[in-house]
Amino acid sequence: MSGLETAIRQALERSERANSETRARIYQSARNALEAGLKKQDVHDPDVVAQQRHRLEGVIHAIELEERASLKAIASVPPPVRVETIDTPVPSAELDHDIHMPSDRNADRADSPGIDGGLSGLRPERRDGPRVVEAAPAQPVAGKRGKAAKADTAAAKPRRRKRGSFLSFVMVTTTLVAAVVMGAWWVETSGLLKTAAERDTSVANPPSTVQSEDFDGAAGLKTLGPQSGFSGDWVDVFTPADASNVKAGSRAAADPVSDERGQRLRITSATADDDGNVSIAIPASVLEQISGKTSTVALSVQADGGKQTQFSVECDFSSLGDCGRHRFTVNEEKNDMLFKVTFDRSLAPSSPGRILINSDVTGAGNSLSVYAVRILPGQ
């Protein structure tokens, strides 16, 4: 049961739920609470707003059907009827204080139809008020005793207390505040607080953490911010469709996978040393484009199996040299890990290079999904 549904039901229990106007005010308070929560969390997506409104209207409709069914069930139960004969003495008002004779005016009002098929006339019993037991009108009895008993009964009828306007105001205010709080909690727990970048998984997000280790500071290895997509200047050096350039170590596995998450290369390293590395070949033509320049390397990766993992990346670019060793932490969301490499040598290599990936530097054997490896040559 959602938070707003709980708030609506609690408000109905504390109010005159038999009155359709009171229920309508509570439902409208819940709608206002939802709108206030959406505005407070800065949610303006029409689809998301329409979805939340539709869910709330479904909850209101279900609660209203339950309230109407309950009122109809109560209305179908006949009131207790007390049958008296002439021989039975009529109880006096002094001996029976709980029996009150309804007036003809109230009887006519009970028979008249009301709002919602007569359900508005049903009111819950107030705990702090006097208990009234309804009874059928007694048969007229001749003599002064019958008239005196009728007069005493009419005089002993309790006066209906007026509802205090202050109490109603406090109740409505409390209900509205509770609805706003529950609406804000509902918006927060339903995932509406996520940013647009977090909701749109097609846009690259920055890595969770980046830690450098065992790399030459003179090489100029740096991490970059997120990129909003890849332009045509990026060179694809690896795609899951071409796994011929992939080679796994003696204690590593590289398996092509294709499912609802798309094509990818699942890398599993059983150890953190060189035997757990998986190498991806880089053509010599690509190395020629990055020779003597500062270029950017991007890996589109995702932790496999719903477990966070720390993986490492190393470069072996033939005669250009290496790029040191870098370690990244990735979770179950697809991210693009980017870093810069600078090679001062202008001599183009004649042999291909390679990128070495270890899926788990802790040696726990966690898997890593690699979707693509791209290089943006420098200018």
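Throughout what follows, the structure given in this document is the object of discussion.

What counts as what
Residues numbered from 1 in each chain as written. Predicted model: local features only at pLDDT ≥ 70, side-chain atom pairs only at ≥ 80, totals over all residues. Heavy atoms only, no water. Helix = DSSP H or I, 4+ residues; strand = E, 2+ residues; numbered from the N terminus. Buried < 20%, exposed > 50% of the residue type's maximum accessible area, 1.4 Å probe, protein only. Contact = heavy atoms within 4.5 Å. Areas by Shrake-Rupley, 256 points an atom, 1.4 Å probe, with all protein chains shown as cover. Salt bridge = Lys/Arg side-chain N within 4 Å of Asp/Glu carboxyl O. Axes fitted to C-alpha atoms, helices over the stretch in contact; angles between N-to-C directions. Parallel < 35°, antiparallel > 145°, perpendicular 65-115°, else oblique. Left-handed = near helix turned anticlockwise from the far one by under 90°. Nonpolar A, V, L, I, M, F, W, Y, C, P; charged D, E, K, R; others polar. Core = buried A, V, L, I, M, F, W, Y, C linked by side-chain atoms within 4.5 Å.

Next up on the list: the overall build of the protein. Helices and strands together make up the secondary structure of the protein, namely 9 helices and 13 strands. Counting only residues that meet the buried cut, the protein has 35% of its 379 residues in that class. In the protein, once contacts between residues fewer than 6 apart in sequence are set aside, the share between residues at least 24 apart is 80%. As displayed, the protein offers around 22600 Å² of accessible surface, 52% of which is attributable to carbon and sulfur atoms.

To continue, consider the environment of Val180. Residue placement: Val180 occurs in helix H7 (residues 165–189). Once the C-alpha coordinates of Val180 and Leu34 are considered, the two residues, 146 residues apart in sequence, prove to be 7.1 Å apart.

Attention now goes to the pattern of salt bridges. Once the charged atoms of two side chains with opposite charge are near each other, the side chains can pair. For the coordinates displayed, the defined rule picks out 13 salt bridges. With a closest N to O distance of 2.9 Å, Glu66 and Arg9 form a salt bridge. Placement of the pair is Glu66 in helix H3 (residues 46–76) and Arg9 in helix H1 (residues 3–13), with a sequence separation of 57 residues. Among the residues examined, Glu66 registers a relative accessible area of 40% and is labelled partly exposed. For Arg9, a relative accessible area of 23% gives the class partly exposed. The residue Arg374 makes a salt bridge to Asp236 at a minimum N-O spacing of 3.2 Å. Separated by 138 residues along the polypeptide, Arg374 in strand S13 (residues 367–376) and Asp236 in strand S3 (residues 235–238) bring together distant segments of the chain. Within the structure, one salt-bridge network assembled from shared partners comprises Glu5, Arg9 and Glu66.

Moving on: the packing of helix H2 (residues 20–40) against H7. Direction vectors running N to C along H2 and H7 enclose 45 degrees, while the axes themselves pass 8 Å from each other. Classified by the interaxial angle, the pair formed by H2 and H7 is oblique. For the pair H2 and H7, the sense of crossing is right-handed. Between H2 and H7, the residues in contact are Ser29, Ala33, Leu34, Gly37 and Leu38 and Leu176, Ala179, Val180, Trp186 and Val187, respectively. Tallied by class, residues from the contact of H2 with H7 come to 8 nonpolar, 2 polar and no charged.

Let's shift gears to the nonpolar core. With 35 residues, the main nonpolar core has Phe311, Phe317, Phe339 and Ile357 as its most contacted residues. Of all hydrophobic cores here, the second largest spans 21 residues; its members include Ala11, Leu34, Ala179 and Leu192.

Just distances and angles here, no functional claims.
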